[in-house]
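So the chains spell out like this:
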Amino acid sequence: MATPTLLKPELYGADAHDGGTVVLHGGRCTCGHVFFPMQRYGCEKCGRDGDDLKPVALKGRGVLAASVTVHMHARPERKAPFTIGTVRLDEGPVVRAVLTGPVADLVPGRLVVATLMPVGDANDALDLRFMAAR
Ligand SMILES: [Zn+2]
């Protein structure tokens, strides 16, 4: 099977050494602050930049802090309805992402995990989604 294309490979990847688990490409400052996505412009906490900021693989697990279902979107190519979640990752950063799975499962406090799902008209690329952990 051919390896599917990732829609945003700069943001995430699949960890082949961990059963295909999704990893998020975050960063860690020498002060200990963890952030997403990886960047070297400056730490949000202490201001260090450059080589003080190192890439770190985030595990793609966290707690859903909030969710909202969009029923109508300004861009017709974005098919509604879909649900957006605010996820506090286990390592600390807060990310906003599209959720997948039954809406009843996507309530604040729920443990969620990252997954890669086919997207686009041809389902020819994988994009990041979060779903309720089993
Ligand atoms: Zn820092």
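Now for a description of the structure that goes with this document.

Conventions we followed
Residues numbered from 1 in each chain as written. Predicted model: local features only at pLDDT ≥ 70, side-chain atom pairs only at ≥ 80, totals over all residues. Heavy atoms only, no water. Helix = DSSP H or I, 4+ residues; strand = E, 2+ residues; numbered from the N terminus. Buried < 20%, exposed > 50% of the residue type's maximum accessible area, 1.4 Å probe, protein only. Contact = heavy atoms within 4.5 Å. Areas by Shrake-Rupley, 256 points an atom, 1.4 Å probe, with all protein chains shown as cover. Lys, Arg positive; Asp, Glu negative; His and termini not counted. Charge placed at Lys NZ, Arg CZ, Asp CG, Glu CD. Pairing = 2+ DSSP bridges.

Here the focus is the overall build of the chain. When helices and strands are counted, the chain shows 0 helices and 10 strands. Its helices and strands taken in sequence order, the chain reads β-β-β-β-β-β-β-β-β-β from the N to the C terminus. Per-residue burial for the chain yields a buried fraction of 33% across its 134 residues. A separation of at least 24 residues holds for 42% of the contacts in the chain among residues at least 6 apart in sequence. As presented, the chain carries roughly 8500 Å² of accessible surface, and 54% of it is formed by carbon and sulfur atoms. Here the chain holds 16 positive side-chain charges and 14 negative ones, and the gap between their average locations is 5 Å.

Bridging between strand 6 (residues 61-70) and strand 9 (residues 111-119) involves 3 bridges; their strand directions are antiparallel. Looking across to strand 9, one finds that V63 is bridged to L111. Both strand 9 and strand 10 (residues 125-132) contribute to a ladder of 8 bridges, which runs antiparallel. Residue V112 lies in a different strand from strand 10, and its bridge partner there is A132. The antiparallel hairpin formed by strand 9 and strand 10 contains 5 residues in its connecting segment, where G120 sits at a positive phi of about 85 degrees.

Interpretation note: all reported values are geometric properties and have no functional meaning in isolation.
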